Amino acid sequence: MAGRPQTLADKVWESHLVRSAEGEPDLLFIDLHLIHEVTSPQAFDGLRLAGRGVRRPDLTVATADHNVPTTDVDKPIADPISRRQLEVLTANCAEFGIVCYPMGNANQGIVHIIGPELGLSQPGMTIVCGDSHTSTHGALGALAFGIGTSEVEHVLATQTLPQIRPATMAVTVDGALPAGVTAKDIVLAVIGRIGTGGGMGHVIEYRGSAIRALSMEGRMTVCNMSIEGGARAGMVAPDDTTFAYLEGREHAPKGKAWEEALDNWRSLPTDPGASFDKEVGLEAATLTPHVTWGTNPAQVVSIDSSVPDPDSFAEPAEREAAARALVYMGIDAGTPIREIPVDTVFIGSCTNSRIEDLRAAAAVLRGQRVRPGLRALVVPGSHRVKAQAEAEGLDGVFRAAGFEWREPGCSMCLAMNPDKLSPGERCASTSNRNFEGRQGRGGRTHLVSPAVAAATAVLGRFGSPEELVR
Amino acid sequence: MKPVRIVSGTALPLDRSDVDTDQIIPSDWLKRVERTGFGAGLFGEWRDDRDFVLNKDEYVGATILVAGPNFGTGSSREHAVWALLDYGFEAVISTRFGDIFANNCTKQGLLPVRVSPEVARSLLDAVVADPKLEITVDVERGTVEAPAVGIEGTFPLDEFTRTRLLNGWDDIGLTLRHEDRITAYEATRPAWRPSAAL
């Protein structure tokens, strides 16, 4: 290996090779396996059926997030099927000796929020979870990707995964972001550029001065949505921002171990001269707040522009997809984005429910009121985020503005709990998917940053913070 | 998983791009803790439309789904694969698949058949023109054919996955043959790597 310049992804991959054989996928060791209630029950059943155990319960951690209600959490869950799924998670974890943070636990939250928050997600690790937004943890310099339930069972049984080595893709964002433009806008612009399939078969490494300048929360937002561009994993090289974020966290190394870890982590960034299979570049200074107009995250434009005409797309498949999306979304081509009225604003999800997201939204809302008739809710990503926000008085800001302040969970990102859109209801959402029916059957989702979501709640139509009268 | 050698039968055309796994199996269905019975939820929301292709009599009994580009994007839910299999599909043809979805397919014996845009287009058109058209997907040869209309295509499959599909091998069993290597690797892991234990 000496001599050949390597990428960050190469280094993590090679340091986790359990076995490599010609004509077979590499067998990778998995450092951390995150579990939640939705994609794990059938995997545990599989283990029982085959008489297998969990190889490394100490490298496995579970939490309840997808199904949990965000109100009345002290009462039994009304939906019996959701309740059963949560009970099954707790029972499975107890049976196999896995640490579980169920509803009500101080460490409970969205699985991709709690991993970094507890210091469990660290540079150079391999991290998997039966959830496509596992790419979030790549913000710390880990190789983190989503898996299906068969693979969940495989990791439970063996703590490894057979994987074909993905190609590498560099997404370089250089320069300074204009005021009001955030990590969410970077990643929406990237997806708009590469399309929903652009990253398929690739691990993305986000690079450049604009990425370096992002906080850890911002980097997590960017890596989180890699899968929306087709890439199973997104990564950012660890640096002082990463180390400062990790130091002192519960599961981070301490003392001499911290020094050893730092030595290792500092060797991880991509070597000068290493090559990527694909490269994409964006100028941060040219970016603007972005809003999706269609039913996939690549159907996105600047907040300053209008809903595109399907005929403006060259590819027939894209043209048809655009035309179908406009019908579903109930909007006309040519409508300025800022003139589209919304019914609901949702601030939350593994993309944008960290403390910094809540601070950004609260800063916009201070002294403002949500437009009458508009429904607005904030769902913090975890109990820790919620407690921190309350300590900073952000809950008071949200409440005074007319937002509902909820308990942590995935909530309206995917409508597996009671937080749903009604048919035709239009939502400005800080989540990651504007798919048909994602937030409730017939619901219409537009993806935005927390700052745009907050301004939109006040204006009653898409808008940015500078439009608000102070 | 059952061995899969050849899938032969009629096909159902789903001429849409970017069919994400939320469409294949809506999230309401994800609350179930069982692995069976998901066929009833396949394309759950679209099926409410009587004109949706799944509701057309001429495509009843199809075992192959021919879709537009970027099939199975989005969520990692393996429930999408379970739903397609439970409904009766044994192969899905597209020009491109979501990575996680394609992976999930081969774990369960549903064939992700990635063909060129030309082959995908001609298959879609041919199946619309003749719902009874017979299509054959051959795992060993990596081919897809509709002899009646002269369509022939190939699809990629790594040799390991091909062998696994042909033999119906269980991935976990294969990996556990190398348990000594896993143990040896574990002995080399740095002590400062985190543990989730309390």
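Residues numbered from 1 in each chain as written. Chains lettered and ligands numbered in written order. Predicted model: local features only at pLDDT ≥ 70, side-chain atom pairs only at ≥ 80, totals over all residues.

Asks: I'd love a proper account of the overall build of chain B, names of residues and values included.
Replies: Counting its regular elements, chain B contains 7 helices and 8 strands. A principal-axis box enclosing the C-alpha atoms of chain B has dimensions of 65 × 40 × 25 Å. Expressed as a percentage of the 198 residues in chain B, the buried residues total 47%. The long-range fraction of contacts in chain B, counting pairs at least 24 apart against all pairs at least 6 apart in sequence, stands at 70%. (Helix = DSSP H or I, 4+ residues; strand = E, 2+ residues; numbered from the N terminus. Buried ≥ 20, exposed ≤ 12 C-beta atoms within 10 Å, placed from the backbone. Contact = placed C-beta atoms within 7 Å.)

Asks: Hey, could you go over the overall build of chain A for me, with residue numbers and the actual values?
Replies: Scanning chain A from terminus to terminus reveals 15 helices and 19 strands. Scaling as 2.2 N^0.38, a compact globule of 470 residues should have a C-alpha radius of gyration of about 23 Å, and chain A matches this with 21 Å. With respect to the three principal axes, the spread of C-alpha positions in chain A is 55 × 55 × 45 Å. Per-residue burial over chain A gives 61% buried out of 470 residues. Nonlocal contacts in chain A, meaning residues at least 24 apart in sequence, comprise 76% of its contacts between residues at least 6 apart. (Rg over C-alpha atoms; globule rule 2.2 N^0.38 Å.)

Asks: Could you give an account of unusual backbone geometry, naming the residues involved and the relevant values?
Replies: Within the chain, Ser411 of chain A stands out as a residue other than glycine whose phi angle is a positive 55 degrees. Mapped onto the elements, Ser411 of chain A comes out in the loop between strand S17 (404–405) and strand S18 (426–429). Positive phi, close to 50 degrees, is recorded for Phe43 of chain B, a residue that is not glycine. Relative to the helices and strands, Phe43 of chain B resides in the loop between helix H1 (21–24) and strand S3 (64–67).

Asks: Talk me through the packing of helix H12 (residues 355–365) of chain A against helix H14 (residues 394–401) of chain A; I want residue IDs and the actual numbers.
Replies: Residue and element names in this part refer to chain A. The N-to-C vectors of H12 and H14 enclose an angle of 45 degrees; their axes lie 9 Å apart at closest approach. In terms of axis orientation, H12 runs oblique to H14. Note on packing geometry: the crossing formed by H12 with H14 is left-handed. On H14, the residues that touch Leu358, Arg359, Ala362 and Leu365 of H12 are Leu394, Val397, Phe398 and Ala401. Partitioned by chemical class, the residues of the contact of H12 with H14 number 7 nonpolar, no polar and 1 charged. (Axes fitted to C-alpha atoms, helices over the stretch in contact; angles between N-to-C directions. Parallel < 35°, antiparallel > 145°, perpendicular 65-115°, else oblique. Left-handed = near helix turned anticlockwise from the far one by under 90°. Nonpolar A, V, L, I, M, F, W, Y, C, P; charged D, E, K, R; others polar.)

Asks: I'd like to hear about the sheet that holds strand S16 (residues 375–378) of chain A, residue by residue, with values.
Replies: Residue and element names in this part refer to chain A. On the basis of which strands lie adjacent, the open sheet formed by 5 strands has the order S17-S16-S15-S18-S19 and parallel pairing. Pairing within the sheet leaves two strands with one partner each, and these edge strands are S17 and strand S19 (444–447). When strand S15 (residues 344–347) meets S18, the two strands line up parallel, connected through 3 bridges. Bridge pairing in S18 links Phe346 to Ser429. (Pairing = 2+ DSSP bridges.)

Asks: Describe H12 of chain A, and please don't skip the residues or the numbers.
Replies: Residues and elements named next belong to chain A. In terms of burial, H12 is largely enclosed, as 8 of its 11 residues are buried. All buried positions along H12 are accounted for by Ile355, Asp357, Leu358, Ala360, Ala361, Ala362, Val364 and Leu365. Residues of H12 that are buried in the fold lie against helix H8 (216–224), S15, S16, helix H13 (383–391), H14 and helix H15 (450–459). Residue Gly367 follows H12 closely and has a positive phi angle near 75 degrees.

Asks: So what about the nonpolar core? Which residues, and what values?
Replies: In this structure, Ile64, Leu65 and Ile93 of chain B are the most contacted members of the largest nonpolar core, which totals 195 residues. Setting aside chain neighbours within four positions, we find Leu65 of chain B in contact with Ala11, Leu12, Leu14, Leu84, Phe89, Val92 and Ile93 of chain B. (Core = buried A, V, L, I, M, F, W, Y, C linked by C-beta atoms within 7 Å.)

Asks: Which residues make up the interface of chain B and chain A, and what values do they have?
Replies: Taken residue by residue, the interface counts 49 residues in chain B and 69 residues in chain A. Those elements that provide at least two residues to the side of chain B that touches chain A are H1, helix H3 (99–108), helix H5 (159–167), helix H6 (171–176) and helix H7 (179–188) of chain B. When residues in the side of chain B that touches chain A are grouped by element, the largest group, 6 residues, is from H3 of chain B. Class assignment for the residues of the side of chain B that touches chain A results in 17 nonpolar, 15 polar and 17 charged.

Asks: Go over the pairing of strand S8 (residues 160–163) of chain A, please, and point to the residues and values.
Replies: All names here are of chain A. Every second residue of S8 is oriented toward a common face, with Thr160 and Pro162 on one face and Leu161 and Gln163 on the other, all of them buried. Pairing of strand S2 (residues 26–29) with S8 involves 4 bridges; the strand directions are antiparallel. Bridge pairing in S8 links Phe29 to Thr160.

Asks: I'd like to hear about the confidence of the model for chain B, residue by residue, with values.
Replies: Chain-level pLDDT for chain B is 97 on average; 100% of the residues reach the 70-or-more range. Both scores are given for the predicted complex: the pTM is 0.98, the ipTM 0.98. (pLDDT = per-residue confidence, 0-100.)

Asks: Kindly report on the sheet that holds strand S2 (residues 11–14) of chain B, identifying the contributing residues and their values.
Replies: Residues and elements named next belong to chain B. Read from one edge of the open sheet, 4 strands run S2-S3-S4-S5, paired in parallel fashion. Among the strands making up the open sheet, the edge pair consists of S2 and strand S5 (111–114). Mean inter-strand twist for the sheet, computed between neighbouring axes without regard to direction, equals 20 degrees. Across the sheet, helix H4 (residues 117–129) is in contact with S2, S3 and strand S4 (91–94); its angle to S2 comes to roughly 110 degrees.

Asks: Run through the packing of helix H6 (residues 183–194) of chain A against H8 of chain A, naming residues and quoting values.
Replies: Axes are the key here: two packed helices are described by the angle between their axes and the distance separating the axes. Residue and element names in this part refer to chain A. Taken N-terminus to C-terminus, the directions of H6 and H8 make an angle of 20 degrees; their axes are 8 Å apart at the nearest point. Taken together, the axis directions place H6 and H8 in an arrangement best described as roughly parallel. Relative to H8, the crossing made by H6 is right-handed. Taken together, the residues of H8 that come into contact with H6 (itself represented by Ala183, Lys184, Ile186 and Val187) are Gly218, Thr221 and Val222. Along the lines of polarity and charge, the residues of the contact of H6 with H8 split into 4 nonpolar, 2 polar and 1 charged.

Asks: Any chance you could break down the environment of Ile6 of chain B for me, citing the residues and the numbers?
Replies: Residue and element names in this part refer to chain B. Along the polypeptide, Ile6 turns up in strand S1 (residues 6–9). On the basis of neighbour counts, which here come to 13 C-beta atoms within 10 Å, the residue Ile6 falls in the partly exposed class. Counting along the chain gives 134 residues from Ile6 to Glu140, while the straight-line C-alpha distance between them is 8.0 Å. Apart from residues no more than four positions distant in its own chain, Ile6 is found in contact with Thr136, Val137, Asp138 and Val139.

Asks: So, the pairing of strand S4 (residues 60–63) of chain A: which residues are in play, and what are the values?
Replies: All names here are of chain A. Of the two faces of S4, the one carrying Thr60 and Ala62 and the one carrying Val61 and Thr63 are both buried. Between strand S3 (residues 32–35) and its parallel partner S4, the chain crosses via helix H2 (residues 41–50), and the hand of that crossover is right-handed. For S4 and strand S5 (residues 99–101), the ladder comprises 3 bridges, and the chain directions are parallel. Bridging across to S5, Val61 finds its partner in Val99. Regarding the hand of the β-α-β motif, the stretch spanning S4, helix H3 (residues 80–96) and S5 is right-handed. (Right-handed = clockwise from strand over helix to strand, strands pointing away.)

Asks: Can you lay out the environment of Arg19 of chain A for me, pointing to particular residues and giving the numbers?
Replies: Summarising the element assignment, Arg19 of chain A is placed in strand S1 (residues 17–19). In this structure the C-alpha to C-alpha distance between Arg19 of chain A and Asp185 of chain A, which are 166 residues apart in sequence, comes to 40 Å. For Arg19 of chain A, the contacting residues outside a window of four places in its chain are Leu27 of chain A together with His178 and Arg181 of chain B.

Asks: Before we move on, could you go through H6 of chain A and cite the residues and values that matter?
Replies: Since the α-helix advances by 3.6 residues per turn, residues separated by three or four positions end up pointing in the same direction. All names here are of chain A. Given a rise of 1.5 Å per residue, 12 residues ought to cover 16 Å, and the 17 Å separating the end C-alpha atoms of H6 matches this to within 8%. Of all 12 residues in H6, 10 are buried, a share of seventy percent or more. Phi turns positive, to about 85 degrees, at Gly195, one or two residues after H6. (Expected span 1.5 Å × (residues − 1).)

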